[in-house]
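Chain and residue survey
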Amino acid sequence: MSSSQNQLIQSELITRQVINWQKSHGRHQLPWQQDVTPYKVLVSELMLQQTQVATVIPYFQRWMQAFPTVQALAAAPEDEVMRLWQGLGYYARARNLQKAARHITALGEFPATLDALLQVPGVGRYTAGAIMSFAYQQHGPIVDGNVRRLYCRLFALEGVPNTPALEKQLWAKAELLTPEHQEPHADCRAFAQGLLDLGATVCKPRQPLCEQCPLSSHCLALAQQRISDFPNAKPKKTVPVKDGHFLLVRKAQQVLLVKRPGAGIWPALWCLPQPAQAPLDGVLVGEFSHQFTHYKLQAKVWSADLSIEEAEQSWVDAANLADFGLPAPVRVYLEALLNA
């Protein structure tokens, strides 16, 4: 038997073991797994990018109540979209989700092929594969952080995550292992969910439960006693700290908010006015910090008597803060201030 035939047999066995394990041990009660639709998968996958499942669940439930269909999201005011997203972070995801909804609504139907899904704004290779697998029970390869870690250990793949050479290897494995819907006993949805579940609950970043893994007999990293080596560690970078200045402009028990532009940090959210530098006659009244992906914001809040020229602005009191989409650290600061 040739090595390619052996590889094919091993791949089919791994695929079957992932499916069987997921049906017995995987997660089945997540809200987006119930009455599955392509729209639910799209919403959940964008929310789950760089965000834990437990955090996403209440956001997903509120979102589906407010925007139960892709058409409802397409027609929704941007302020309402951003308000429901506040606290999840990475706000470009919310804007991309609404762009996708408008694109799909204009098409008149939800795309049902990988190529068509990749034409939707905000939908990349992983999200397209997830929709194909979860919503359509079709061949849909996926590679996210959990799958990347699982495959790197399973096949002892060397390389720093997110580099082209390693990503090419990972997607090649994904293409090979992901079942075709017409194959006997294929369950594309269970396979994709099984990969995610194994990565989240068994093949964890630290202290993986190798003795509970259905793929342990295939795992090259385990055989080599090198589990902690995979995925290879990224070179450590010093996270820069950037100063930011915000203005606290008050009138009685109200505070002035302005709507931020659609680009930059916290796009289209309501916020304290942000000058380029500290006001000359300002008085420092507070500070807060926030960790972004590439830097840490060290914010100083100044009390100043200035005229604000932003087109969209509103005077807001504590009782009405919940009606505005605010960046999480700004909301925390204002709630403490206005409720004191």
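Details of the structure are given in the entry above.
Residues numbered from 1 in each chain as written. Predicted model: local features only at pLDDT ≥ 70, side-chain atom pairs only at ≥ 80, totals over all residues. Heavy atoms only, no water.

Focus on the sheet that holds strand β6 (residues 296-303)
Strand order in this open sheet of 3 strands is β1-β6-β5, and the pairing throughout is mixed. Of all strands in the sheet, those bounded by a partner on one side alone are β1 (241-248) and β5 (283-291). Strand-to-strand twist across the sheet, computed as the mean angle between neighbouring axes with direction ignored, equals 25 degrees. Alignment of β1 against β6, held across 8 bridges, turns out to be parallel. Paired with H245 across the two strands is K300, which belongs to β6. Of the strands in this sheet, β1, β5 and β6 touch helix α13 (residues 328-338), which is tilted by about 140 degrees from β5. (Pairing = 2+ DSSP bridges. Helix = DSSP H or I, 4+ residues; strand = E, 2+ residues; numbered from the N terminus. Axes fitted to C-alpha atoms, helices over the stretch in contact; angles between N-to-C directions. Contact = heavy atoms within 4.5 Å.)

Observations concerning the layout of surface pockets
Taken as a whole, the second largest pocket spans an internal volume of roughly 470 Å³. G89, Y90, Y91, H290 and F292 are the residues nearest the centre of the second largest pocket, which is lined by 21 residues in total. Listed by contribution, the elements that provide at least two residues to the lining of the second largest pocket are α6 (92-107), β5 and α13. The residue inventory of the lining of the second largest pocket, partitioned by class, reads 12 nonpolar, 8 polar and 1 charged. (1 Å grid on protein atoms, 1.4 Å probe; cavity = no way out; pocket = protein on both sides within 12 Å on 5 of 7 lines; lining within 4 Å. Points joined across faces, edges and corners; volume = space filled by probe spheres on them. Nonpolar A, V, L, I, M, F, W, Y, C, P; charged D, E, K, R; others polar.)

Things to note about helix α8 (residues 125-136)
In a regular helix each residue adds 1.5 Å, so 12 residues correspond to 16 Å; α8 covers 16 Å between its end C-alpha atoms and thus fits that length. Burial runs high along α8: 10 of the 12 residues are buried. Y126, T127, A128, G129, A130, I131, M132, S133, F134 and A135 are the residues of α8 that are buried. Here the buried face of α8 lies against α2 (38-48), α7 (114-117), α10 (164-177) and α11 (188-201). (Expected span 1.5 Å × (residues − 1). Buried < 20%, exposed > 50% of the residue type's maximum accessible area, 1.4 Å probe, protein only.)

Looking at the side chain of T178
Residue position: T178 is located in the loop between α10 and α11. Under the relative-accessibility criterion, T178 is labelled buried at 6%. Polar contacts involving the side chain of T178 include one to the main-chain carbonyl oxygen of A174, which spans 2.6 Å. Not counting the four nearest positions on each side in its chain, T178 is found in contact with H139, G140, P141 and F191. (Polar contact = N/O pair within 3.5 Å; in protein donor to acceptor, adjacent residues only side chain to side chain.)

Points about empty space enclosed by the protein
According to the stated counting rule, one finds 1 cavity of 30 Å³ or more in the structure shown. Roughly 120 Å³ of internal volume is contained in the largest cavity. Around the largest cavity sit 14 residues that line it, and C203, C210, C213, C219 and I227 are the ones nearest its centre. For the lining of the largest cavity, the leading source of residues is helix α9 (residues 145-154), giving 3 residues. Classifying every residue of the lining of the largest cavity gives 12 nonpolar, 1 polar and 1 charged.

A look at the pattern of salt bridges
Under the definition given, this model contains 10 salt bridges. In the salt-bridge network here, residues are joined through shared partners; they are E78, D79, R95 and K259. (Salt bridge = Lys/Arg side-chain N within 4 Å of Asp/Glu carboxyl O.)

Concerning the packing of α2 against helix α3 (residues 53-66)
Two numbers describe how α2 lies on α3: the axes approach to 10 Å, and their chain directions differ by 140 degrees. In this view, α2 runs oblique relative to α3, as classed from their interaxial angle. The two elements α2 and α3 meet at a crossing, and its hand is right-handed. When α2 is examined against α3, the residues Y39, K40, V43, S44, M47 and L48 are found in contact with a partner set consisting of V53, V56, Y59, F60, W63 and M64. Here the residues of the contact of α2 with α3 are counted per class, giving 10 nonpolar, 1 polar and 1 charged. (Parallel < 35°, antiparallel > 145°, perpendicular 65-115°, else oblique. Left-handed = near helix turned anticlockwise from the far one by under 90°.)

Quick word on the packing of aromatic side chains
Counted according to the given criterion, the structure contains 10 aromatic pairs. Between the aromatic rings of F246 and W266, the centroid separation amounts to 6.3 Å while the plane-to-plane angle is 45 degrees, which identifies the pairing as tilted. With F246 in strand β1 and W266 in the loop between β3 (254-259) and β4 (270-271), the pair connects residues that are 20 residues apart, well separated along the chain. The buried category is assigned to W266, whose relative accessible area is 4%. With 5.6 Å between their ring centres and 50 degrees between their planes, W266 and F292 make a pair best called tilted. (Phe/Tyr/Trp six-rings, centres within 6.5 Å; stacked < 30°, edge-to-face > 60°.)

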